[in-house]
Amino acid sequence: LEIGRPCIDMETIGFNIEWSQELLVSESLEEYVKAWMMIEILRQWEPLHEYLGEDPGPYVFDMSVGYDLEGIQTDKVAGFIDSMRDAGDVIDRLRPLIPEPFAEFREHDFPTAVSDTLTLSTFHGCPPDEIEAMVKHLMDRHELDVIVKLNPTLLGFPRVVEILQKDLAYEHIRLNRLSFVDDLEIGRAVDLITDLQKYAAGRERRFGVKLTNTMVVNNDRDFLPDDPMYMSGPPLHVLATSLLDDLLSTMPGTFKVAGHDGPVQVSFSAGVAKGNISATVGMGVAPATLSSDLLRPGGYGRLEPLIRQLEKDMEAAGVRTLGEWHQHSWDVARAAGFRGPAEAHMNDIVKGH
């Protein structure tokens, strides 16, 4: 793959020009399975029992594909998904590579079903009918639970301009208006979410959405070599939070968050960091994932203070579980006159910016 260098700029906000990865599909499969084996080893590794207990509990190992129906129907991508559903051959090939300190696990009975959930990434401007066809194909052909990554353009051009340039004073960000033209619009998104949830339920599968994909912007920084580029980090966090609030208001009772208790899971990946982790998790999104923050100085070392902050805030509120934290955040937001935690979080960001 030919990718311009540098491809990521984390000096201030967060921009990139690469797509999802730089690996071949076959290489991706191997890295997924290696990670799966490492998690299984660490779950069983006795020195960690003191910290995690003998059974740390269940976890979700999610895969991701894109970007269009033709692509995910190819033998290459279909083969990748099938191998993630049954990775026995790959696991056996990797057993000898388990390093000496963990040599006892070379004969471990690893579960071969690495993943049965998938997050679908689509091209910016992907037609709604194609998104629908991809989800149905993945559920029917591969028997997967599917999460669709939505774009911040769902807010509409005027609203994005208002949030970024007026509310947050990011006047230097040059939006790419063409990226809004063919993208999914909020009315069609409501219909799509409703229809796909019904389709999933009829097949005993689960459907969810992820907020959000990156934001297409024009490149005026003379650092990254390609134009356009894709914005992430703090501004995207605000757009994703605003979109969540809009969806919750438009589709009450649809989403699986506190105060709504619907069937559609909402995962969140947009500028999550120490300063907003508690409010983000408090919105009820699950999982909340991060990437941009780990590319800043400190790398993975930034994870511990982030988790400690969430722990500190939960302790201050007198709650011990995430479910209790969701309910606490909902109660506090409602008592302050907000629709819910998402609107309250948006208000706090704008006031503090």
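Before any of the text, the structure's been laid out above.
None of the values given here were measured: they were computed from a predicted structure. (Residues numbered from 1 in each chain as written. Predicted model: local features only at pLDDT ≥ 70, side-chain atom pairs only at ≥ 80, totals over all residues. Heavy atoms only, no water.)

Colleague: Just to check I follow, could you spell out the overall build of the protein chain for this structure?
Modeller: When helices and strands are tallied, the protein chain shows 14 helices and 9 strands. Relative to the 2.2 N^0.38 estimate, which gives 20 Å for 353 residues, the radius of gyration of the protein chain is 21 Å and therefore close to what a compact globule would have. The principal-axis extent of the C-alpha atoms belonging to the protein chain is close to 60 × 50 × 45 Å. Put simply, 68% of the contacts in the protein chain that link residues at least 6 apart link residues at least 24 apart. By element, 51% of the accessible surface of the protein chain is carried by carbon and sulfur atoms, the whole surface being about 18000 Å². For the protein chain, the centre of its 32 positive side-chain charges and the centre of its 57 negative side-chain charges are spaced 4 Å apart. (Helix = DSSP H or I, 4+ residues; strand = E, 2+ residues; numbered from the N terminus. Rg over C-alpha atoms; globule rule 2.2 N^0.38 Å. Contact = heavy atoms within 4.5 Å. Areas by Shrake-Rupley, 256 points an atom, 1.4 Å probe, with all protein chains shown as cover. Lys, Arg positive; Asp, Glu negative; His and termini not counted. Charge placed at Lys NZ, Arg CZ, Asp CG, Glu CD.)

Colleague: Explain the sheet that holds strand S2 (residues 15-16) here, please?
Modeller: Within a sheet, each strand pairs with its neighbour through backbone hydrogen bonds, oriented either parallel or antiparallel. One open sheet accounts for 4 strands, arranged S1-S2-S8-S7; its pairing is antiparallel. Each edge of the sheet is formed by a strand with only one pairing partner; in this case those strands are strand S1 (8-9) and strand S7 (215-217). (Pairing = 2+ DSSP bridges.)

Colleague: Sorry if this is basic, but what is going on with helix H7 (residues 157-167) here?
Modeller: Structurally, the α-helix is built with 3.6 residues per turn, so residues lying three or four positions apart point the same way. Looking at H7, one finds that the buried residues are Phe-157, Val-160, Ile-163 and Leu-164. Seen along its axis, H7 keeps its buried residues to an arc of 140 degrees; they face one direction. Opposite the packed face of H7, turned more than 90 degrees from it, sit the exposed residues Pro-158 and Lys-166. Lining the buried residues of H7 we find helix H8 (178-181), S7, strand S8 (229-231) and helix H10 (234-250). (Buried < 20%, exposed > 50% of the residue type's maximum accessible area, 1.4 Å probe, protein only. Arc of directions from axis to C-beta.)

Colleague: Got a minute to help me understand a negative patch on the surface in this structure?
Modeller: A surface patch of negative charge is lined by Asp-220, Asp-222, Asp-226 and Asp-227. One can find Asp-222 in the loop between S7 and S8. For Asp-222, a relative accessible area of 76% puts it in the exposed group. (Patch = residues over 30% accessible without salt bridge, like charges linked within 9 Å, V, L, I, M, F, W, Y side chains within 5 Å. Salt bridge = Lys/Arg side-chain N within 4 Å of Asp/Glu carboxyl O.)

Colleague: How should the pattern of salt bridges be read in this particular structure?
Modeller: Pairs can form between side chains of opposite charge whenever their charged atoms are close. Counted according to the given criterion, the structure contains 21 salt bridges. With a closest N to O distance of 2.8 Å, Glu-30 and Arg-93 form a salt bridge. With Glu-30 in helix H1 (residues 25-44) and Arg-93 in helix H5 (residues 88-94), the pair connects residues that are 63 residues apart, well separated along the chain. What makes Glu-30 partly exposed here is its relative accessible area of 22%. A salt bridge links Arg-188 to Glu-132, with the nearest nitrogen and oxygen atoms 3.5 Å apart. Placement of the pair is Arg-188 in helix H9 (residues 186-202) and Glu-132 in helix H6 (residues 128-142), with a sequence separation of 56 residues. Accessibility expressed as a relative area gives 26% for Arg-188, which makes it partly exposed.

Colleague: Even after reading the chapter, I still don't get helix H12 (residues 303-317), so can you show me in this structure?
Modeller: Taking 1.5 Å per residue, 15 residues should reach 21 Å; H12 reaches 22 Å between its end C-alpha atoms and fits that length. Of all the residues in H12, the buried ones are Leu-306, Leu-310 and Met-314. Axial view of H12: buried residues confined to an arc of 70 degrees, hence all on one face. Along H12, exposed side chains directed more than 90 degrees from the buried face belong to Lys-312, Glu-315 and Ala-316. Lining the buried residues of H12 we find helix H11 (277-282) and helix H13 (322-335). Of the residues trailing H12, Gly-318 is marked for its positive phi of about 75 degrees. (Expected span 1.5 Å × (residues − 1).)

Colleague: I would appreciate a short explanation of the pairing of strand S4 (residues 117-120) in the present structure.
Modeller: For a regular strand, side-chain orientation follows a simple rule: the groups alternate between the two sheet faces. Side chains Thr-117 and Thr-119 project from S4 onto one buried face, and the interleaved Leu-118 and Leu-120 project onto a second face that is buried too. Across 3 bridges, the pairing between strand S3 (residues 63-65) and S4 is parallel. Bridge pairing in S4 places Val-65 opposite Leu-120. With 4 bridges connecting them, S4 and strand S5 (residues 145-150) associate as parallel partners. In the strand pairing of S5, Thr-117 is matched with Asp-145. Each parallel crossover has a hand, and the one from S4 via H6 to S5 is right-handed. (Right-handed = clockwise from strand over helix to strand, strands pointing away.)

Colleague: Looking at this structure, I do not really get the packing of aromatic side chains. What am I missing?
Modeller: The geometry of two aromatic rings is summed up by the distance between their centres and the angle between their planes. For the coordinates displayed, the defined rule picks out 6 aromatic pairs. Ring geometry for Tyr-32 versus Phe-61: centroids 6.1 Å apart, planes at 65 degrees, classification edge-to-face. Of this pair, Tyr-32 sits in helix H1 while Phe-61 sits in the loop between helix H2 (49-52) and S3; the two residues are 29 residues apart in sequence, bridging distant segments of the chain. Residue Phe-61 is classed as buried on the basis of its relative accessible area, which comes to 13%. A network of ring pairs unites the aromatic residues Tyr-32, Trp-36, Tyr-59, Phe-61 and Phe-80 as a single cluster. (Phe/Tyr/Trp six-rings, centres within 6.5 Å; stacked < 30°, edge-to-face > 60°.)

Colleague: Would you explain the environment of Asp-245 in this entry?
Modeller: Within the secondary structure layout, Asp-245 lies in helix H10. Asp-245 sits in the buried class, given a relative accessible area of 7%. Residues Asp-245 and Lys-136 lie 109 residues apart in sequence; the distance between their C-alpha atoms is 27 Å. Sequence-distant contacts of Asp-245, that is, excluding residues within four places in its chain, are made with Arg-339, Ala-342 and Glu-343. In terms of polar contacts, Asp-245 uses its side chain to reach the side chain of Arg-339, at 2.4 Å. (Polar contact = N/O pair within 3.5 Å; in protein donor to acceptor, adjacent residues only side chain to side chain.)

Colleague: I tried to follow unusual backbone geometry on my own but got confused; where do I start?
Modeller: Excluding glycine, residues mostly carry a negative phi; peptide bonds, for their part, are mostly trans. For the bond from Leu-211 to Thr-212, the omega torsion is -10 degrees, close enough to zero to count as cis. Omega for the peptide link from Ala-286 to Pro-287 comes to -5 degrees, which places this bond in the cis form. Locating Pro-287 in the fold gives a position in the loop between H11 and H12. Although it is not a glycine, Glu-204 adopts a positive phi angle of roughly 55 degrees. Residue classification places Glu-204 among the exposed positions, given a relative accessible area of 73%. Of note, the phi angle at Asp-261 is positive, near 55 degrees, even though the residue is not glycine.

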